[in-house]
Amino acid sequence: MAAVGWYHRDISQVVAEELLAKAGRDGSFLVRDSESVKGAYALCLLFQRHVYTYRILPDDEGLLSVQTIQGIQAKCFRTLPDLIGAYQHPNNGLVTPLLHPVHRPRPEEDSDGEDARGCGHTVPCPGAAPSSRTHIPQQLHQRLQEQVHSSPASDFMGFMAEYLTHHVQDLEALCHGHPQLRHLSTALATACRALHSEIDFTLAGLETLTRVFEAPVSPRSPAREQGFLSSDPDLELLLNKISTVNHLLSSLEKKVLKSLQETVARHNLALPSVAVAPLPAARPLAVQNFEVKLGKSQRAALTVDVESGTVTVTKRGSGSSEEVIPQDKILQLIKYQSVQSKVRLVCSRENQKSLSRDFIFPSARKREAFCQLLQLMKIQHSNLDEPEIISVYVGTWNMGSTPPPRSLASWLTSRGLGRTQDETTACIPHDIYVIGTQENSLGDREWVEFLCASLKTLMDIDYRVVALQCLWSIKMVVLVKPEHQRRISHVHTSSVKTGIANTLGNKGAVGVSFLFNGTSFGFVNCHLASGSEKTHRRNQNYSDILHSLALGDKRLAGFDLTLRFTHLFWFGDLNYRLDMDVQDILTHIVKKEFQTLLAVDQLNLEREKNKVFLRFSEGDISFPPTYRYERGTRDTYVWQKSKPTGMRINVPSWCDRILWKSHPETHVVCNSYGCTDDIVTSDHSPVFATFEVGVTSQFVPKEAPGSSPEALACIEWESIEVVLKTTSRSKCYIEFHSYCLEEMQRSGENTFQNCDIPGFLKLGWSSKHLPVLNPILPDLEYLGDQHLLLSIKGVESCESFGECCLALRSAIGSTAQQFETFLFHRGEETGSVRGWMRVRVPRGRCGTRERLYEWISFEEEDAEPAAEPPMCPKLPPQRLRSRPRSLPEPATGYTNPAYFIFEGVPNAWVAAPGEAPKKQAEGPAGGQRCRSPAGRRVPLASEEEPWCGRPRCGPPSPSRGRPLSPPRAGQHKRPKSAVLTRDTVRQGDCSLYVGTHLSQLEQLSPQCWGDRQELPLRQTHHALEPPPRPCRDVPRPLGKRGALGALDLEAQPPPPAGPQPARM
């Protein structure tokens, strides 16, 4: 058989379990590709509501066999269908025979009416002999893609791919002795019809230029002239024209050179030597002035001179005074949250206490410009060898297959609509420019030169090209300042096709990753499937890109792409639309009621349902939809488009987006997010976003290695608990990866296991089964910037159930801190993890310093500066979190909801229907929360002496402002109605199931809680209090090893006699 329905290629384990759960019958099975062994397969079998996974391995001769436990003879088969057919009979060692194949869901059609995955719902089966007629087109498609390295027009390549699919007619004609290939000639002539007019236009220009430098002799004969005017798309005529163009281009340069040399000789002209002018220095920033108010009525002028490093305050009115503040005297800059235009400047004075002054700017944009200039001033005068903060520009534009305008100034300087740069800071050059385009018809070199010339004109800087990655008309260019070029290393590029049959690059993504000193960056530019009704297809495109894009450190290839980088930026024409009638959309756009439209934005809705972009952030959208405009203007949306299949409706939508995801406890602030309003060549408006990003450099310890007895830092674990969304019963272990470790570390098998709740598996590790990790450097300043990547893997399958990232900064100290965060795998939320950990630093290595980005903080309006700030400020109150959400809002922490299912929620707490739920705080964008235990134990003297805890309260600061990223920076405000009533909970949707189960908790009035208000929070502590309490719920006697050799919690019916395949 050439194709089978039960082979699902590279679907994830989570998707396989969902498909089997929908089948619901014992003996349902499917086969997928193995995630741990290349070329191997995984046989997934449903029995008694649990999924058993068997690994199918090839041997040296290519024979396939189900992996068995040690000592059992394996049965070998030549093809995968032969193996499946053999195990459909009983008494073969599986928990149940293979009875009911689960077929791959039939894919949707793309926007052009063609199948998104190719032909039909079945896929070629590995090991089966395909027929020649179906195999040859596949080979030709593959060869076509291997030869495409430039960017041909997607329409032409799609036409050629269509011919390859249906070329059998020419093949049959050739078999009958007719080698003319009439169908190919017709296809080429039709595809090249537009080329005739282009060549005629080019020929006319070349001949005109040629006549200038020679006698007026036309290279074309009268007969050929008549032929060129013909509209007959003949291939021979086209070849003649191309030959003429080739002749003119090759001879034109020689003729011009000869003519110029004759002119020089005739007039006795001397050719002066060409002196290479030195590159101009960076353009100095002009002195900027701001009109502000001091107090309620006093007016003043602030003058910022970045080059000299001073801020001058000049009061208006009679007897005006002037005060000059050097940059080294500015201690802190505090932004007010309640008044967006207000800022506090804290300065030091000799022999006096610090002085605080409040300034009110005309607008929030002016305040941001003032803060950016002061930040830039601090950076320029910091005398640091390596930067601690850089600015990153990200732009995306669907160019609509038309050339760009002569100037891209508004796009590259973040001016237009939305949250834009003030004119005082718009021309400050960014350190990194990342520019992504779709439907870009320009050549690669031409586009790069155009961008570099544009930035040269605007910034007077010759930017260096870090990377250029293209997939047909999808392009991404990364440019950096010349002084940063040496700081860039480990550049990787990749691309993924998601077009027709996942073989054409008219849709897909390109990616670039690199290290900037010690900080890893990833950038993805994509063009997803179009059409309002193709939401599921776009989600699948995102999943395919996430799984297939090969970026970053190869040692982290097993981790989710979103966890491999300190900062990951994802942008492009995502093509998500608005689910609303077009006339209602236009009405809301006129009234600038964008929040109403964002409530029905497909991307927001899918993120709310945890379908795509889990835990990503997006800036606030305050600009109109960027698609679909009438070309030549930004005043009119064109929402009707004629297609061969009929009239198509394209409602105005925010198709072009920029999102990002960063490791927890890192610094990233979105300073602008908007679109241009003066670039009108395409039906899309260019979109831009700028970011302030904290970076790390190669750490140099103050003490040279070997100068004194080396004291090691250590990362200790007291316990870890994991909740997985799976129907598997596999034993698991944990892998620990980090750049601060010499090599990957691994835990022992889990010591606790519980699967009483259908669809969930709870695992636990005690401290004895968790490794003590020793970082390569013990310094506090170094460890504060490090992260750990954890991967939960099955013991026998070695496949990951989920991964997460933990920051070490919050765990530094002598007392264990609790952490809890989510697990991800292949873009899906697969569970959660929590535990207790501490990072112990030797006492002599506790030195640290304030980072440049930490001197800007945020404070509420009513917060007044304290004369003597408390040495140990109170922790913010802990709040319960309603459910995991992909559109986070600022908060102090969250409690992982998955544990309520296991630990119980009294029904008496459920409020009556109709009560309004109280708004709950959301978790941090990073997704990790650390907290100290409710009752801290006092460390022993022997334990405290050689170690030092992380300083919880640093030197007295002049204000109570918190040196954190702004709560709304990097956060997308969730539209109040972003989840519609029509959204229903699907079977197997962990996040929505938990959220529905817990949303009733939010409806409780404070009177109903009484003294039990803190009980749910305490319930999440008891299982993890150090040291972990022995579990009295002893697992039942283990059953026999099932099909994969893993241990089952419940005794299963004894399998039939025969070979026992090893279970994953």
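Model, not experiment: these values are computed from the prediction.

Definitions and limits used
Residues numbered from 1 in each chain as written. Predicted model: local features only at pLDDT ≥ 70, side-chain atom pairs only at ≥ 80, totals over all residues. Heavy atoms only, no water. Helix = DSSP H or I, 4+ residues; strand = E, 2+ residues; numbered from the N terminus. Pairing = 2+ DSSP bridges. Contact = heavy atoms within 4.5 Å. Axes fitted to C-alpha atoms, helices over the stretch in contact; angles between N-to-C directions. Salt bridge = Lys/Arg side-chain N within 4 Å of Asp/Glu carboxyl O. Buried < 20%, exposed > 50% of the residue type's maximum accessible area, 1.4 Å probe, protein only. Core = buried A, V, L, I, M, F, W, Y, C linked by side-chain atoms within 4.5 Å. Phe/Tyr/Trp six-rings, centres within 6.5 Å; stacked < 30°, edge-to-face > 60°. Lys NZ or Arg CZ within 6 Å of the ring centre and 35° of its normal. Lys, Arg positive; Asp, Glu negative; His and termini not counted. Patch = residues over 30% accessible without salt bridge, like charges linked within 9 Å, V, L, I, M, F, W, Y side chains within 5 Å. Areas by Shrake-Rupley, 256 points an atom, 1.4 Å probe, with all protein chains shown as cover.

## Some details on unusual backbone geometry
Moving on, step 1. In this model, tyrosine 627 is joined to arginine 628 through a cis peptide bond whose omega is 5°.
Moving on, step 2. Tracing the backbone shows arginine 628 in the loop between α16 (602-608) and β24 (640-643).
Moving on, step 3. Positive phi values are uncommon outside glycine, yet arginine 9 reaches one of about 60°.
Moving on, step 4. Within the fold, arginine 9 resides in the loop between β1 (3-4) and α1 (13-23).

## Re the sheet that holds strand β3 (residues 41-47)
Within a sheet, neighbouring strands are paired by backbone hydrogen bonds and run either parallel or antiparallel to one another.
Moving on, step 1. Across the sheet, which stays open at both edges, the five strands sit in the order β5-β4-β3-β2-β6 with mixed pairing between neighbours. The open sheet has two edge strands, β5 (64-66) and β6 (100-101), and neither has a second partner.
Moving on, step 2. Contacting β2 (28-33), β3 and β4 (50-58), α1 runs over the sheet at an angle of about 165° to β2.

## What to know about the pattern of salt bridges
Moving on, step 1. For the coordinates displayed, the defined rule picks out 31 salt bridges.
Moving on, step 2. Of the charged contacts, one joins glutamate 368 and arginine 367 as a salt bridge, the two residues approaching to 3.2 Å between their closest N and O atoms.
Moving on, step 3. Overall, glutamate 368 belongs to the buried group, its relative accessible area being 15%.
Moving on, step 4. A relative accessible area of 3% means that arginine 367 is categorised as buried.
Moving on, step 5. Where glutamate 606 meets lysine 609, a salt bridge forms, and the shortest distance between an N and an O atom there is 3.2 Å.

## Thoughts on the sheet that holds strand β23 (residues 567-573)
Moving on, step 1. Strand order in this open sheet of five strands is β20-β21-β22-β23-β26, and the pairing throughout is mixed. Lying at the two open borders of the sheet, with one neighbouring strand each, are β20 (488-497) and β26 (656-662). Sheet twist, expressed as the mean angle between neighbouring strand axes with direction ignored, is 15°.
Moving on, step 2. As defined by bridge partners, strand β22 (residues 519-527) adjoins β23 across seven bridges and the pair is classed as parallel. Looking at the pairing, asparagine 525 lines up with phenylalanine 571 of β23.

## Remarks on the nonpolar core
Moving on, step 1. Judged by nonpolar contacts, the single largest core of 48 residues is most densely connected at Val392, Ile432, Phe514, Phe521, Phe523, Phe569 and Phe691.
Moving on, step 2. Aside from chain neighbours lying at most four places away, what touches phenylalanine 523 is Val392, Val394, Val434, Met476, Val510, Gly511, Val512, Phe514, Leu551, Leu568, Phe569 and Phe571.

## Here's the deal with the packing of aromatic side chains
Moving on, step 1. The tally for this structure, following the rule as stated, stands at 25 aromatic pairs.
Moving on, step 2. A centroid spacing of 5.8 Å and a plane angle of 25° characterise the contact between phenylalanine 514 and phenylalanine 521, whose relative ring orientation is stacked. Both residues of the pair, phenylalanine 514 and phenylalanine 521, belong to the buried class.
Moving on, step 3. Three or more aromatic residues link up through ring pairs in this structure, and these residues are Phe514, Phe521, Phe523, Phe569, Trp660 and Phe691.
Moving on, step 4. Note that arginine 538 overlies the ring of tyrosine 576, its terminal NZ or CZ placed 5.2 Å from the centroid.
Moving on, step 5. The ring of tyrosine 733 has arginine 746 sitting right over it, with the charged end atom 3.6 Å from the ring centre.

## Examining the side chain of lysine 507
Moving on, step 1. With respect to the helices and strands, the residue lysine 507 is situated in the loop between β20 and β21 (508-516).
Moving on, step 2. Salt bridges are absent for the buried lysine 507, whose nearest opposite-charge side chain, glutamate 439, sits at 5.4 Å.
Moving on, step 3. Apart from residues no more than four positions distant in its own chain, lysine 507 is found in contact with Leu471, Ile474, Val496, Lys497, Thr498, Gly499, His527, Leu528, Ala529, Ser530 and Asn575.

## Topic: a nonpolar patch on the surface
Moving on, step 1. Residues Leu195, Leu239 and Ile242 make up a contiguous nonpolar surface patch of roughly 260 Å² in combined accessible area.
Moving on, step 2. Within the secondary structure, isoleucine 242 sits in helix α9 (residues 235-267).

## Brief notes about the pairing of strand β18 (residues 464-471)
Moving on, step 1. Pairing analysis gives seven bridges linking β18 to strand β19 (residues 474-480), with the strands arranged antiparallel. Bridge pairing in β19 places valine 465 opposite leucine 479.

## Thoughts on the side chain of glutamine 288
Moving on, step 1. Considering the arrangement of structural elements, one finds glutamine 288 in strand β8 (residues 288-294).
Moving on, step 2. Not counting residues up to four positions away in its chain, the partners in contact with glutamine 288 are Leu302, Thr303, Val304, Leu373 and Thr424.

## Here's the deal with the environment of serine 489
Moving on, step 1. Inspection of the secondary structure assignment puts serine 489 in strand β20.
Moving on, step 2. In this structure, the C-alpha to C-alpha distance between serine 489 and asparagine 517, residues 28 residues apart in sequence, is 7.6 Å.
Moving on, step 3. Filtering out sequence-adjacent residues up to four positions away, serine 489 remains in contact with Phe514 and Leu515.

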